[in-house]
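Survey of secondary and tertiary structure
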Amino acid sequence: MDNGKVQMKTVPTGVPDLDIVLGGGLPEYSFNVIAGAPGSGKTTLVHQIVFENASAERPALYFTVLGEPALKMLRYQQNYSFFDATKIEKDIRFINLSETLLEGDLDAVLERIVSEVEAVNPSIVVVDSFRTVMRKVMNPSNPEAELQAFIQRLALYLTSWQATTFLVGEYMIEEMRDNPVFTVADGLIWLYQTAERNSIVRKLQVMKLRGRASVPGLHTFRITDNGLQVFPRTYGLVHKSGYRISDKRLKTGVAGLDEMLNGGIPAGDSVIVAGPSGTGKSALATQFITEGVRNGEAGVLCIFEERPQEYLDRSEKLGQGLEQELRDEKLKVIYLRPLDLSVDETLREILDTVKSVNAQRVVIDSMNGFEMALAPAFREDFRESMYRMVGALTGIGITIMTTVEVSTSFTEMQFTPHGISFLTDDIIMFRYVEIDSQLRKIITVVKMRGGDHSKDIREYEITNTGLVVGDPLPDYRRLITGTPERNPN
Amino acid sequence: MAVVQEAFEKLRIRLSQPIGAAGYRALLTRALTLSTNNSPWLEAIQIEKDGTLAGFTEAAASQSLSSAIEGSVEIVTHLIELLETFVGRELSLRLLADIWPIPVDEMGTKEDSNG
């Protein structure tokens, strides 16, 4: 006790970043329900919790009941990396309750659980599947009361024996209202699995957690050979390090552009480089990251379209070879294009990489490729997701350059196709113009939140060494239309 | 043959706890079927709902002692092989540790295990 209040210890889940969602972990001795449809990962989740916490002194008791046959469960679960066979029957004991349930009533089930718990003194108790137990209601006139009484007795007993309990069950969300198990439970974790077009999206929600401030909302998770990995939707947005933005300007590696930007991009800004295909967006991004690493500012390149080697080959051709920087770990390349990514997963990967090299510059090339790499369900939230991602990165002082391909006709100009200019500090625009029967390129700084910038529209070329920004074109007007007219003398 | 019955009873009690009576019965039924290829006399044996062997003593009494032992060993071998097939060597040995004559820790299971 401290100041008269109970000290609530937490039980770690062993699931990467689920404890963040749970506000630090599950309260010790809590009575929890893990619910979801078949195949949503309930058993895998509870196995991870069991293997994380069971010890010889305080083992785990895992009651299986007519759900997935125990033989098959053991067969498949041992393929996960967290499954440690040396713990079986010593730290983790599996007990099948199927016969007890088939031959007896709920009292018989409770009696068996009580007898095993008293014999073993477990820290963790699992009943999988509890849904099956609940079907064994003998009193047809008042099934709800019988169930409620059973669950309350079970919860009270297991808590008083200092066990943290997990009831695993296949439930539909509609059942929440009338089912007494959800009323009695201290914690309720719901797992979802939805198929959209050709991709599967997995999310979880902590619908209830007594005694902890869990992070509300749906959080993406993935099941790999290592089990579940959760990607909290607020990852990177909370627990900021109190970073203070400096007045520093970051050179882009293109002298003429730095001049237009009044010395470079303000540190910690989010910059969008927009333009049609072939205008040199990736070339500028390469120059930006190269300029950084050569001045001691580590960088992360997030590539969603080209393959990393193609990207590096092009850099080499531009006289900006990056192989040495990669070997020295001043630069890291993230290549993601599995078509079922979530933004939270991508953000996690980027933030981890940024931290691993202490990066100051990040390039996302391109936003269009990033959107394509996402599962269709996440594309709907693309704007919100980008906002979170940019916020998380700039919040720790990273300067981000994002390329965006826009389709421009010769009569209109679009800054970005996503309507996301609100989340950028600066916008650099490329476009083609027709001058003297030639297709030439112009550059302009459309927006710069941090201060004044050149209003010029300048011509530029992509040379063997990258972008070279030339002079303004004072002899022409209506350049941004793409079909300028020569000024009358 | 009392010792054989006792061995099967130990296996039944031990394995029914983690994998259930139905799970044990399923494995034993398969093991018995596989064993009848070499020992057709085993066909006379029935398996009860809880996994107990019924009619074993009677069937074995009609065989020579060596045939009876050979048939019994065959069922146990198939049963354990099946368990190993489904859950792997290391886990099988751990599930049987309480009733196995050699302690699991002395078997070098880590080196020999499949997974």
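Since we're looking at a predicted model, the values are computed, not measured.

Reading the values: rules and limits
- Residues numbered from 1 in each chain as written.
- Chains lettered and ligands numbered in written order.
- Predicted model: local features only at pLDDT ≥ 70, side-chain atom pairs only at ≥ 80, totals over all residues.
- Heavy atoms only, no water.
- Helix = DSSP H or I, 4+ residues; strand = E, 2+ residues; numbered from the N terminus.
- Buried < 20%, exposed > 50% of the residue type's maximum accessible area, 1.4 Å probe, protein only.
- Contact = heavy atoms within 4.5 Å.
- Areas by Shrake-Rupley, 256 points an atom, 1.4 Å probe, with all protein chains shown as cover.
- Phe/Tyr/Trp six-rings, centres within 6.5 Å; stacked < 30°, edge-to-face > 60°.
- Lys NZ or Arg CZ within 6 Å of the ring centre and 35° of its normal.
- Pairing = 2+ DSSP bridges.
- Axes fitted to C-alpha atoms, helices over the stretch in contact; angles between N-to-C directions.
- Parallel < 35°, antiparallel > 145°, perpendicular 65-115°, else oblique.
- Nonpolar A, V, L, I, M, F, W, Y, C, P; charged D, E, K, R; others polar.

**Examining the overall build of chain B**
Regarding its fold elements, chain B presents 5 helices and 2 strands. Reading the secondary structure of chain B in the N-to-C direction produces α-β-β-α-α-α-α. Buried residues in chain B amount to 45% of all 115 residues. Expressed as a percentage of contacts within chain B between residues at least 6 apart in sequence, the contacts between residues at least 24 apart total 55%. For chain B, the exposed surface amounts to about 5900 Å²; the carbon and sulfur share of it is 54%.

**Focus on the packing of aromatic side chains**
What characterises a pair of aromatic rings is the spacing of the ring centres plus the angle enclosed by the ring planes. Residue and element names in this part refer to chain A. Applying the stated rule across the entire model yields 12 aromatic pairs over all chains. Ring centres of Phe-51 and Phe-83 lie 4.7 Å apart, and the angle between their planes is 45°; on these two criteria the pair is classed as tilted. Taken together, the positions of Phe-51 in helix H2 (residues 42-53) and Phe-83 in the loop between helix H3 (70-77) and strand E5 (92-96) put the pair 32 residues apart, joining distant regions of the chain. Both residues of the pair, Phe-51 and Phe-83, count as buried. Arg-361 extends its terminal NZ or CZ atom over the ring of Phe-288, reaching a point 4.5 Å from the ring centre.

**Re the sheet that holds strand E22 (residues 466-472) of chain A**
Residue and element names in this part refer to chain A. Sheet architecture is open: 9 strands sit in the order E16-E15-E17-E18-E14-E19-E20-E21-E22, paired in mixed fashion. Each end of this open sheet is capped by a strand with a single partner; those strands are strand E16 (331-335) and E22. Strand-to-strand twist of the sheet, defined as the mean angle between neighbouring strand axes without regard to direction, takes the value 25°. Its contacts with the sheet put helix H10 (residues 281-294) on strand E14 (270-275), strand E15 (299-303), E16, strand E17 (361-365), strand E18 (399-405), strand E19 (426-435) and E22, and the angle it makes with E17 is roughly 165°. Packing of helix H11 (residues 308-317) onto the sheet brings it into contact with E15, E16 and E17, and relative to E15 it is tilted by some 120°.

**Observations concerning the environment of Val168(A)**
All names here are of chain A. By secondary structure assignment, the location of Val-168 is in strand E7 (residues 164-170). Distance from Val-168 to Asp-105, taken between C-alpha atoms, is 19 Å for residues 63 residues apart in sequence. Not counting residues within four places of it along the chain, the set of residues in contact with Val-168 comprises Ile-34, Lys-42, Thr-43, Val-46, Val-126, Val-127, Asp-128, Ser-129, Phe-130 and Arg-131.

**Comments concerning the packing of helix H1 (residues 2-35) of chain B against helix H3 (residues 65-87) of chain B**
Residue and element names in this part refer to chain B. Taken N-terminus to C-terminus, the directions of H1 and H3 make an angle of 105°; their axes are 8 Å apart at the nearest point. On the basis of their axis angle, the class for H1 and H3 is roughly perpendicular. Residues Val-4, Phe-8, Leu-11, Leu-15, Tyr-24, Leu-27, Leu-28, Arg-30, Ala-31, Leu-32, Leu-34 and Ser-35 of H1 pack against Ser-72, Glu-74, Ile-75, Val-76, His-78, Leu-79, Leu-82, Leu-83 and Phe-86 of H3. Its residues assigned to classes, the contact of H1 with H3 comprises 16 nonpolar, 3 polar and 2 charged.

**Brief notes about the sheet that holds strand E6 (residues 124-128) of chain A**
Strands in a sheet are paired, the pairing made by backbone hydrogen bonds, and the direction either parallel or antiparallel. One open sheet accounts for 9 strands, arranged E5-E4-E6-E7-E3-E8-E9-E10-E11 (chain A); its pairing is mixed. Taken across any chain shown, the strands that pair with only one partner, and hence form the sheet edges, are E5 and strand E11 (227-231) of chain A. On average, each strand axis in the sheet is inclined to that of its neighbour by 25°, with strand direction left out of account. Running over the sheet, helix H7 (residues 143-160) of chain A touches strand E3 (31-36), E6 and E7 of chain A and is turned about 125° from E3(A). In this fold H1(B) packs onto strand E4 (60-64) and E5 of chain A, with an angle of close to 40° to the strand it touches most, E5(A).

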